[in-house]
Amino acid sequence: MTTKPIFTRPISARYELEGAAADYLQAVTEQWLLPTPAANPAILEIFRDRDRQPQRDMVPWAGEFAGKYLTSGVQILRLTGDAVLRRQLAGFVAQFIALQDEDGYLGPWSKACRLTGKNSRGGGTWDAWGHYHAMLGLLLWHEDTGDRAALECAARIGDLLCHKFLGQRRRGRRLVDTGSTEMNLAPVHGLTLLYRRKKQDRYLQLAQQIVGEFAAMDRKGLPLAGDYVNTGVAGQPFHETPKPRWESLHPVMGMLDLYWLTGNEDCRAAFEHIWWSIVENDRHNNGGFSSGEKAQGNPYHPGAIETCCTVAWMAASVEMLRLTGDPRVADELELSTLNSGLGLHSHSGRWVTYNTPMDGVRKASAHEIVFQAREGSSELNCCSVNGPRALGMISDWALMTGATHSTQKDGLIVNWYGPGKMQAQVAGTTVTVAQDTDYPVEPSVVLRVTPKRATEFALCLRIPGWSQRTRVRVNGETVTGVKAGSYLRLERRWKRGDKVEIRFDFRLHHWVGERECKGRTSLYRGPLLLTYDRRFNDCDPDDVPVLEAKNLRLHRVEWTGQAPAPELLLHCTDIKGRHLTLCDFASAGEGGSPYRTWLPLRNVGRARRFSRDNPLRTVRS
């Protein structure tokens, strides 16, 4: 039995993004993706040297860097179509494939240590994890280019995993026994993706076996892995499960993919529960996930919000959107992308953070986790190769197709708002949606819908949950029934020249803090988290004035100081004349100055419990 996602990424999609997102994409391409292989030749040399002496001193996850780099590059390429990047990735893939051993091994560890979870010095390895990321990058490249060599390389990895682990329980050779199970069980996701393309039963069988190993125990009856299916079905919060680290989200995505292939309802129910559990208990005000690299059950926890954790959360959210077609999931993706996703990047595109805190400073990952640097790879770490994916994933959810009504007819779903053009095929024709807007800085969006030929289809517009008073007009006529937190379905015969005008509700909304953030509040304008940055204010962080939340007056101001300029700068004045200048979160800390997102505000009301049934954590003043 197979089942299909409600929403899918149209393979035909093409993008010409403009504005801040396009600036970041260009900067990351030119300053990171293109220079990285030459500046860090060990990204591939470690594979060539795996059986040479003396052996390299590597971090346990060294095998992931090439795969993560490739995945980020492919997803960025989907948005930009950059010809130079395409040629470089093609060359990178060819070199990577050439480093695969005859048995299918594509890791950096010597023969005696391959896929054992141990290195020659007695330490642990995340070898299976590295192979998962290699498979993911190769399969994405094959999907976009048709490169058969990339597909066959991924298949040989799958064959190796099957040879080594499939049906080997009695011999004590289970994948779960290699340790570091949050990471080393991730190949379940790569195997399900591979099965879709190769239709070899052994890949599906091993994927099912690994999901069974989620519940494995050691001789003392203690869990070896995360038990994601059973705990999810039982409704146990993710932070209370045996393995609440962020890496667990990758095997969890494999669990969901198994649902697509087999119809296993427990896999679906467990995935949904885990996703909602993270939203309710662990997603921070800036859209980031994790506190100290794991779920804590506390969105106010001051632990590090690691880049890799947020990227994994966004990838899981893409899968949740495909599964449910729930616009609240797209709201989450927008929140994460426009705040943490952009904020974890330097404006130059040259580096990403390891930690993008709610309050604090921004530091380059190469400085904060410099222990990962090695000879020949001074800039490589888990976050530097993975961070660009936060931008590249816009291609997964910005424009989608899917059944949007009981008629089951495919519609075109617009999730991304921002200047530029998006194009896809629907109802047998190619449709271009051009956006004239300064969103998310300003609330008005004009969509110009241009089908190649006049065609009847549904155009579904995401109406964010925070936009309680959204106004929509089609060709000058007001549309009724617009509801926050839903898709507005506009079904008609679309023709060249049709215009949709949207005005979102950009009144301030706020999140009242609790626990470590009790007595403070986060302010939002549309999807953007507003942030105090010392660079734009005369007051220091501990001297930020207490403002009255009600009747705050805001007006945009232009930054005339040193570059880089913030995307949004607002001067806020309360009814007693106290004032503060706030910027968008993504721009905060760019100059190295301290910033704050939890602000002292009076008369904000009580904290509001966020849940699946009550999905708006923020309230109006």
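Here the structure is a predicted model, which is why all the values come from computation and not from measurement. (Residues numbered from 1 in each chain as written. Predicted model: local features only at pLDDT ≥ 70, side-chain atom pairs only at ≥ 80, totals over all residues. Heavy atoms only, no water.)

J.: Sorry if this is basic, but what is going on with helix H7 (residues 148-165) here?
T.: Three or four residues apart is the spacing at which side chains of an α-helix point the same way, because the helix has 3.6 residues per turn. The end-to-end C-alpha distance of H7 is 25 Å, a good match for the 26 Å that 18 residues give at a rise of 1.5 Å each. Structurally, H7 contributes buried residues whose contacts are with helix H5 (83-98), helix H6 (127-145), helix H9 (187-198) and helix H10 (201-213). (Helix = DSSP H or I, 4+ residues; strand = E, 2+ residues; numbered from the N terminus. Expected span 1.5 Å × (residues − 1). Contact = heavy atoms within 4.5 Å.)

J.: Before we go on, may I ask you to explain the packing of aromatic side chains in this structure?
T.: Describing an aromatic ring pair means giving the distance of the ring centres and the angle of the ring planes. All chains considered together, the criterion is met by 27 aromatic pairs. The ring of tryptophan 494 is capped by arginine 492, whose NZ or CZ atom sits 5.1 Å from the centre of that ring. (Phe/Tyr/Trp six-rings, centres within 6.5 Å; stacked < 30°, edge-to-face > 60°. Lys NZ or Arg CZ within 6 Å of the ring centre and 35° of its normal.)

J.: So what exactly am I meant to see when it comes to the side chain of threonine 581 here?
T.: Structurally, threonine 581 can be placed in strand E19 (residues 579-584). Side-chain polar atoms of threonine 581 contact the side chain of histidine 571, separated by 3.3 Å. (Polar contact = N/O pair within 3.5 Å; in protein donor to acceptor, adjacent residues only side chain to side chain.)

J.: Is there a simple way to think about the pairing of strand E13 (residues 509-512) in this case?
T.: Strand residues, when the strand is regular, have side chains that alternate between the two faces of the sheet. Burial along E13 is two-sided: His509 and Trp511 and His510 and Val512, pointing in opposite directions, are all buried. As defined by bridge partners, E13 adjoins strand E14 (residues 521-525) across 4 bridges and the pair is classed as antiparallel. Pairing of tryptophan 511 across the sheet is with serine 522, part of E14. (Buried < 20%, exposed > 50% of the residue type's maximum accessible area, 1.4 Å probe, protein only. Pairing = 2+ DSSP bridges.)

J.: Looking at this structure, how should I read the environment of glutamate 477?
T.: Checked against the element boundaries, glutamate 477 lands in strand E10 (residues 477-478). Residue class for glutamate 477 comes out exposed when judged on its relative accessible area of 59%. Separated by 24 residues in sequence, glutamate 477 and glutamate 501 place their C-alpha atoms 9.5 Å apart.

J.: Looking at this structure, I do not really get the packing of H7 against H9. What am I missing?
T.: Working note: a packed helix pair is described by the angle between its axes plus the distance between those axes. Taken N-terminus to C-terminus, the directions of H7 and H9 make an angle of 125°; their axes are 10 Å apart at the nearest point. Considered as vectors, H7 and H9 are oriented oblique to each other. Where H7 crosses over H9, the handedness of that crossing is left-handed. When H7 is examined against H9, the residues Arg148, Leu151, Glu152, Ala154, Ala155, Gly158 and Leu161 are found in contact with a partner set consisting of Pro187, Leu191, Leu194, Arg197 and Lys198. Counted by class, the contact of H7 with H9 contains 7 nonpolar, 1 polar and 4 charged residues. (Axes fitted to C-alpha atoms, helices over the stretch in contact; angles between N-to-C directions. Parallel < 35°, antiparallel > 145°, perpendicular 65-115°, else oblique. Left-handed = near helix turned anticlockwise from the far one by under 90°. Nonpolar A, V, L, I, M, F, W, Y, C, P; charged D, E, K, R; others polar.)

J.: Mind showing me how you'd approach H10 here?
T.: In this model H10 runs 18 Å from its N-terminal to its C-terminal C-alpha over 13 residues, within 8% of the 18 Å that 1.5 Å per residue would give. Of the positions making up H10, those classed as buried are Tyr203, Leu204, Leu206, Ala207, Ile210, Val211 and Glu213. Buried residues along H10 sit in contact with H7, H9, helix H11 (228-233) and helix H12 (249-262).

On their own, these measurements won't tell you what the molecule is for.
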